[in-house]
Amino acid sequence: MPAVQNGPKKRQPVSQAGPAAKKSRTAPSIVREEVVKKRKRPVTLPIRESDDESSDEGDEDQVEDVTQLEDEGEDAGSGSGEMSVDAAGQKDSNAARESHKVQRALYEQRKAAKPHSQLLVDAKRVWSLARQKNIPLAERQQHVRNLMKIVEGKVKDIVLKHDASRIIQTIVKHGGRKERDQIASELKGHFKQLVQGKYSKFLVSKLIRHCTARRESILSEFQGCVLRLLLHREASGVLADAFELHANAYERSILLRDFYGKEVTLFSTNHGTETDKEKAKRGLQGVLEGMDRDRQKRTLSAVKENLTTIFNNPDKGAVVHAIVHRALWEFLSAVHDVEDETEGEKLRREIFESCQDVLAEMVHTKDGSRAVREFLAFGTAKDRKHVIKVIKPHVARMCVDDEAQLVIFTALDVIDDTKLTGKSLIPDITSNAETFVTTPQGRRSLFYLLVPRTRRHFTPAQISIIAETDSIREKTSKKDSAVRSAEIRQAASPSLLKFVEEKGAEVARDPGGSLAILEIMLYTEGDKFAAISALIQPLASTYPSDDLSRPHSIDLPHTSRMYKSLLQGGHFSHTAKVVERTALFSPADLASIFISTVGKETTLAMAQGDGTFVVAELLRSVQEECSDELKKQVKRWFSKSFVSSIRNSEVRGKDILIEKILALS
């Protein structure tokens, strides 16, 4: 998409003292906050302005509050005692003071009796210094080293505590490779337990993120219980983060292996060699290679059963994770290669029936989107109708998501019942047009209704992805694709033209909005008189604008280009070097309304300003497509003195404008 075009910037004059001295580069003394990657949110969840799902920050704040409460806990008894004194007013103050001392002593005894109490006190003191945000790097590293000396050899004993877990996280986050490896080695063999802890799970997540050398061994400890951990309240998010954000191809295969069944897990020949790793990276396809037919059937059956277990527990939240979607896509890909087509169709049908009600939870990831599109392409009319029913409440969110919108596009491509799409999908897209035009994703959703797969708005990679289901569509859909596209365009046109009529003039002032308005005007079907009038009306205002903060529409490059393209009747092809006209729009109607609405004075002012090319295209349209009466009227606007003034001016495009003026005679 074209970027916002800024006005030309003049270089500032050099001062008399000579060129400005270059700024010296110095090493940053303050450590910048790390940008934490986060998983994509499912379209079924509401949009939130502030993402408070950061495990690190939330846990840190919680520990800070808890620590503060512990430090102030010793005064809790005294506070209630003072209230009693105030209420009764009769107790002796000396007796109350003695009671407070006893309570304080009991509190200190209980605190000291806890395991590693003194170690935690010392660690918290240093931790409060190391966790500060705005301190020099060298100072922070010194605090981290001091902190490591305190907890060294005791990490395994204290890490399950809520406050101690955050202390160890700070070492992992700000420490070096030596500190991280030491902590990982002390916790080796206990990660399966730690990942299920309410507080210790954050430490495991940080080690997976920062300690790349130990990541493979950490993930290997989860083998054999990945499915159970995905359904675990605390562990699920850690495994999802590891798979989606941090792991490489081989490390992801370690987590996926549990989906392939116990037979594959127990009898795996993976010895960690490069050959074995390359085979593991290929996922289920690599596992099935070399197996006999019966063993392949057992493996596919195991994958189906494990996925069904996940789909049957949607309340656990695992169905939204990319690791589940990858396993599902690998299963569907493997079904393609099953020799018996009947058996393959049976497996596809069974897995679809197990997940058909949770498909909306999958569309936000690459593999989930591919799987849902596969179901749409292979599905019967009844299946497709059910998929539409499931995703309908989330269409608006899907349209602005890079992966989820591909499901919408495939639904528009393969569903023969355009009345169904016209009632269930298209209204939810067109009714949100004002919001969609502000983002590239939203604009693509609008463009797909009118000009699907056009290279003007879709990259070759996007077109290739969308076309993946074309070969399947040829077998499962009966309607010609051109007929289907025309019916979809016809269904979307009334709402889009109404949108232009009501909001088009203002939306066109936005760079992205002008692109959307142009496509809507060129390719929708129906009466466009009201929409054209709404777009031309702002041009009738005084030129140039009296309000410097709000330039005239013609002075906005993108808006001016939109009007020029409309007067051309289509887009200019840089390949063919001609304008590709569309039969759905009449430039003559636009020129006629332009002349009657804008008038002579404003048009001449535009011709002497930034609207030279627009006026030139207007004159071409009048000359070639309008009536002789309108030609004579416009010709009278451009006197010889005006042509002479244009010829002597420095206006860009003056030669083209003069050529069009002379052509009217």
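Structural data are supplied above this passage.
Being a predicted model, the structure only gives us computed values, none of them experimental.

Thresholds applied
- Here the residue index of a chain counts from 1 through its sequence in written order.
- Residue-level local features of this predicted model are given only where pLDDT is at least 70; pairs of side-chain atoms are given and counted only at 80 or more, and the full residue set underlies all totals for whole chains, interfaces and linings.
- The basis for every side-chain value is the complete set of heavy atoms in the structure, and neither hydrogens nor water enter the calculation.
- A pair is scored as a salt bridge if a Lys or Arg side-chain nitrogen falls within 4 Å of a carboxyl oxygen belonging to Asp or Glu.
- Only runs of H or I of at least four residues qualify as helices and only runs of E of at least two qualify as strands under DSSP, and these elements are numbered from the N terminus.
- Remark: exposure states derive from per-residue accessible area (1.4 Å probe, protein chains only) relative to the maximum for the residue type, with buried under 20%, exposed over 50%, and partly exposed in between.
- Under the rule applied, a polar contact is a pair of N or O atoms within 3.5 Å (in protein, one hydrogen donor and one hydrogen acceptor; residues adjacent in sequence only if both atoms are side-chain atoms).
- Only buried Ala, Val, Leu, Ile, Met, Phe, Trp, Tyr and Cys residues count toward a nonpolar core, and they belong to the same one when joined by side-chain atoms within 4.5 Å.
- It only takes one pair of heavy atoms within 4.5 Å for two residues to be counted as in contact.

Enquirer: Quick question: what am I supposed to make of the pattern of salt bridges here?
Expert: Side chains carrying opposite charge are able to pair once their charged atoms draw close together. Within the structure shown, the criterion is met by 35 salt bridges. Salt-bridge contacts for Asp-163 lead to Lys-124; the nearest nitrogen and oxygen are separated by 2.8 Å. With Asp-163 in helix 7 (residues 162–174) and Lys-124 in helix 4 (residues 117–130), the pair connects residues that are 39 residues apart, well separated along the chain. With a relative accessible area of 16%, Lys-124 lands in the buried category. A salt bridge links Lys-281 to Glu-278; its shortest N-O distance comes to 3.2 Å. With a gap of 3 residues between them, Lys-281 and Glu-278 both fall in helix 16 (residues 274–281), about one helical turn apart. Since its relative accessible area comes to 41%, Lys-281 is described here as partly exposed. Residue Glu-278 is classed as partly exposed on the basis of its relative accessible area, which comes to 42%. Connected through shared salt-bridge partners, Arg-581, Glu-617, Arg-620, Glu-624 and Glu-625 make up one network.

Enquirer: Any chance you could explain the side chain of His-457 here in plain terms?
Expert: Relative to the elements of secondary structure, His-457 occurs in the loop between helix 28 (440–450) and helix 29 (460–466). At a separation of 2.9 Å, a polar atom in the side chain of His-457 contacts the side chain of Glu-519.

Enquirer: What is the right way to read the nonpolar core from this model?
Expert: One finds Leu-207, Phe-222, Phe-259, Leu-307, Phe-311 and Met-521 to be the most contacted residues of the largest nonpolar core, which totals 174 residues. The contact partners of Leu-207, leaving out residues within four places of it in the chain, are Val-172, Arg-180, Ile-183, Ala-184, Leu-187, Phe-191 and Ile-218.

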